[in-house]
Amino acid sequence: MPSSTQRPEPPYRQIVSEIRARILTGDLRPGDRMPSIRQIAQRWGVAIATATKVMAALRDDGLVETKVGAGTVVSTCTGQTQPVGLTTPLRPRPAGAPKQALNRKQVLRTAISIADIEGLDAVSMRRLAAELGVGPMSLYRHVSNKDELVMQMTDEVFGEPELPVPGPEGWRAKLELISRRQWELCRRHLWLPRAVSFIRPLLVPNMMAHTEWTLRALDGLGLAMTTRIREALTLHALVLTAALTMANEVEAEQETGVTLDRWWLTQRQRADELLHSGRFPLLATVTGKEVSDVDGLFEYGLARHLDGFAALVKDQARTRP
């Protein structure tokens, strides 16, 4: 067919081809830091969504990889002698992987590993198939699409912590226990807060078991079920809100390569100008440790929330006929 009638490549594929050429000719070498998604968007004048597709395609082709603390870098498995038009994955598939019978747990744990290191956006059926060394169609025996995959991943990780029965003595100790177990989950799986919705809750057994356990922790207090379910959801929201702050910071550090300490150094002059102006005498006494201590923020929020809930329990007990 004449070239004049050929459909032009979509913009993201053109950018992928340009970056691939730089990698395969050695202009970008293994281990070199890749531009962030925002930098790609600015450099080529495209939307963030398009830049995200660029990075996903480069990952699928095995040209880039994400390393904790370093961000996205040129894959160390990338050779420098392949032709520029190469589109097949460069990452070697695990030896013998296609011969093994794929099971649901293997699929989910592999997807969770990808999300833990690279974030939820990096998880796709194509990427997952490449990691497992199978064809994408093999995955559809276990999950029908990415939405179901994320739902099952969430259920899998909520099944990790043990919820003791009956648990520690007293409703407060029980609520502290489940909140801290969920906090530990979110620290281990930074993508988890983005996978959970309260408006469209995930109807999966392990997550529902957490809610059921929380409701049982409030047995014997004489509270209406409306109050009990609102308490369970509010407690869960407290954990996820603090965890989302933590996840955003880790994501920003990986994308920009700038740690929180280095970011504060760049803001020191501006901060000194504002805090030493005399307009904010109380803020001037606050150190960066209080601001950046997400664990401390979570523990403070949990304690103050439970103090308030204890007052509600006491008030309802006093007014109950």
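See the structure above.
Residues numbered from 1 in each chain as written. Predicted model: local features only at pLDDT ≥ 70, side-chain atom pairs only at ≥ 80, totals over all residues. Heavy atoms only, no water.

Trainee: Talk me through the overall build of the protein; I want residue IDs and the actual numbers.
Mentor: Within the protein, the regular secondary structure consists of 14 helices and two strands. Burial status across the protein gives 36% buried among its 321 residues. Taking contacts inside the protein between residues at least 6 apart in sequence as the whole, the part at least 24 apart equals 72%. When the accessible surface of the protein is split by element, carbon and sulfur atoms take 55% of a total near 18500 Å². (Helix = DSSP H or I, 4+ residues; strand = E, 2+ residues; numbered from the N terminus. Buried < 20%, exposed > 50% of the residue type's maximum accessible area, 1.4 Å probe, protein only. Contact = heavy atoms within 4.5 Å. Areas by Shrake-Rupley, 256 points an atom, 1.4 Å probe, with all protein chains shown as cover.)

Trainee: Go over the environment of Thr25, please, and point to the residues and values.
Mentor: Checked against the element boundaries, Thr25 lands in the loop between α1 (11-24) and α2 (37-44). With relative accessibility at 57%, the residue Thr25 sits in the exposed group. There is a polar contact of 2.7 Å between the side chain of Thr25 and the backbone oxygen of Ala21. Among the polar contacts listed, one links the side chain of Thr25 to the backbone oxygen of Arg22, at a separation of 3.4 Å. (Polar contact = N/O pair within 3.5 Å; in protein donor to acceptor, adjacent residues only side chain to side chain.)

Trainee: Lay out helix α6 (residues 146-158) in plain terms, naming residues and giving numbers.
Mentor: Helix length check: α6, at 13 residues, gives a terminal C-alpha distance of 18 Å against a target of 18 Å (1.5 Å per residue), a fit within 8%. For α6, the set of buried residues is Leu149, Val150, Gln152, Met153, Thr154, Asp155, Glu156, Val157 and Phe158. For α6, the N-terminal cap is Asn145; the gap from its side-chain oxygen to the backbone nitrogen of Asp147 is 3.2 Å. (Expected span 1.5 Å × (residues − 1).)

Trainee: Please provide a residue-by-residue account of the nonpolar core, values included.
Mentor: Core analysis: the largest hydrophobic core is formed by 54 residues, its most contacted members being Leu128, Leu139, Leu149, Met153, Trp183 and Trp191. Going through the elements one at a time, α4 (104-118), α5 (125-132), α6, α7 (171-188), α8 (192-195), α9 (205-217), α10 (225-256) and α14 (294-319) are the ones with two or more residues in this core. Ile23, Leu28, Ala41 and Leu58 belong to the second-largest nonpolar core, a separate cluster that totals 17 residues. (Core = buried A, V, L, I, M, F, W, Y, C linked by side-chain atoms within 4.5 Å.)

Trainee: Quick one: what's the story with unusual backbone geometry, residue by residue and with numbers?
Mentor: Looking along the chain, the bond that leaves Val165 and enters Pro166 is cis, with omega of 5°. On the secondary structure map, Pro166 appears in the loop between α6 and α7.

Trainee: So what's going on with the side chain of Thr110? Residues and values would help.
Mentor: Inspection of the secondary structure assignment puts Thr110 in helix α4. In this structure, Thr110 is in contact with Leu128, Glu131 and Leu132, ignoring residues within four places of it in sequence.

Trainee: Before we move on, could you go through the pattern of salt bridges and cite the residues and values that matter?
Mentor: This model, assessed by the stated rule, comprises 18 salt bridges. Among the ionic pairs, Arg180 bridges to Glu299, the shortest N-O distance being 3.0 Å. Of this pair, Arg180 sits in helix α7 while Glu299 sits in helix α14, and the two are 119 residues apart along the sequence. Residue classification places Glu299 among the partly exposed residues on the basis of a relative accessible area of 32%. Across the pair Asp219 and Arg228 runs a salt bridge, and its minimum N-O distance is 2.5 Å. Given a relative accessible area of 42%, Asp219 falls into the partly exposed group. When its relative accessible area of 14% is taken as the criterion, Arg228 is described as buried. Several salt bridges converge on common partners, so that one network encompasses Arg172, Glu176, Arg180, Glu299, Arg304 and Asp307. (Salt bridge = Lys/Arg side-chain N within 4 Å of Asp/Glu carboxyl O.)

Trainee: Account for the packing of aromatic side chains, naming residues and giving values.
Mentor: In this structure the tally under the stated criterion is two aromatic pairs. With 4.5 Å between their ring centres and 5° between their planes, Trp183 and Phe298 make a pair best called stacked. On the criterion of sequence distance, the pair formed by Trp183 in helix α7 and Phe298 in helix α14 is long-range, its members being 115 residues apart. The positively charged end of Arg304 is found above the aromatic ring belonging to Tyr300, 5.2 Å away from the centroid. (Phe/Tyr/Trp six-rings, centres within 6.5 Å; stacked < 30°, edge-to-face > 60°. Lys NZ or Arg CZ within 6 Å of the ring centre and 35° of its normal.)

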